[in-house]
Amino acid sequence: MIANKSTVTALKQPKQVSKTPSRTEFKVIETVLKGKEIIVSTLESIEELAARGYGTKQNKTLTLTFYEALFMLSKGMIEVKQEKTRKKIDFQQLLNNYKAIDPNAWAKYLIYRDLRSRGYVAREGFGLGTDFRVYERGEYGTATAKYLIFGIQEGQPVSMENLAQTLRCAHSQKKQLVLAVLNRRGEIVYYSLSQLTLKRKQA
């Protein structure tokens, strides 16, 4: 299968967003690494983080994804401890845990960090190759996600059939598919994909 026609336009650069508050302006939240999950247990912290688009509530706790926890740890918003030893886990140790279960861990974290730094709320994707669903600024909690993010790393092959299927899924949900292209320098460029036609290659 080869790409026959595609329409790709760069997304507009968003306006500058306010910086994350300094550590003196909020309380550092304690979290615990339990297997493949990072858990928040205090009710106040659960409500605060959930309202800001972090984590998933379950059984009176909040479960953070690894990329959420890495972002928050890098900002000094949380500290992460081992469940049994209660020893603190630093950024690199947490990243190594993430890499052990996802070979694309670093790329996903970089894309997530970039989206959050631009002022967007990014949540887990819907599958079919989408890494994140993204809400327009100021609309989290009041509207559905506007964008689906499909991460691509420079130099790695992409299945055009999977991409076409993902695009059809995005259209059926009335969402905009955005390609997040990560180059070897760790820089990310976003492209809005509106049309992709596949044509079977003749033998």
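Residues numbered from 1 in each chain as written. Predicted model: local features only at pLDDT ≥ 70, side-chain atom pairs only at ≥ 80, totals over all residues. Heavy atoms only, no water.

### Notes on the sheet that holds strand E5 (residues 61-64)
Taken in spatial order, the six strands make up an open sheet running E4-E5-E3-E2-E6-E7, and their pairing is mixed. Edge positions in the open sheet fall to strand E4 (56-58) and strand E7 (88-89), since each of these has one partner strand only. Pairing of strand E2 (residues 29-34) with strand E6 (residues 78-82) involves five bridges; the strand directions are parallel. Note on E6: the bridge partner recorded for Ile29 is Ile78. Where helix H1 (residues 43-51) meets the sheet, its contacts fall on E2, strand E3 (37-40), E4 and E5, and the angle it forms with E5 comes to roughly 45 degrees. (Pairing = 2+ DSSP bridges. Helix = DSSP H or I, 4+ residues; strand = E, 2+ residues; numbered from the N terminus. Contact = heavy atoms within 4.5 Å. Axes fitted to C-alpha atoms, helices over the stretch in contact; angles between N-to-C directions.)

### A closer look at the packing of aromatic side chains
Summed over all chains, the structure comprises nine aromatic pairs. Considering the side-chain rings of Phe66 and Tyr98, the 5.3 Å spacing of their centres and the 10 degrees angle between planes classify their relative orientation as stacked. Remark: Tyr98 occurs in helix H3 (residues 91-99) and Phe66 occurs in helix H2 (residues 66-74); sequence separation between them is 32 residues. With relative accessibility at 5%, the residue Tyr98 sits in the buried group. Ring centres of Phe91 and Tyr109 lie 5.4 Å apart, and the angle between their planes is 65 degrees; this geometry places the pair in the edge-to-face category. Of the two residues, Phe91 is situated in helix H3 and Tyr109 in helix H4 (residues 105-117); the sequence distance between them amounts to 18 residues. Note that Arg137 overlies the ring of Tyr120, its terminal NZ or CZ placed 4.2 Å from the centroid. (Phe/Tyr/Trp six-rings, centres within 6.5 Å; stacked < 30°, edge-to-face > 60°. Buried < 20%, exposed > 50% of the residue type's maximum accessible area, 1.4 Å probe, protein only. Lys NZ or Arg CZ within 6 Å of the ring centre and 35° of its normal.)

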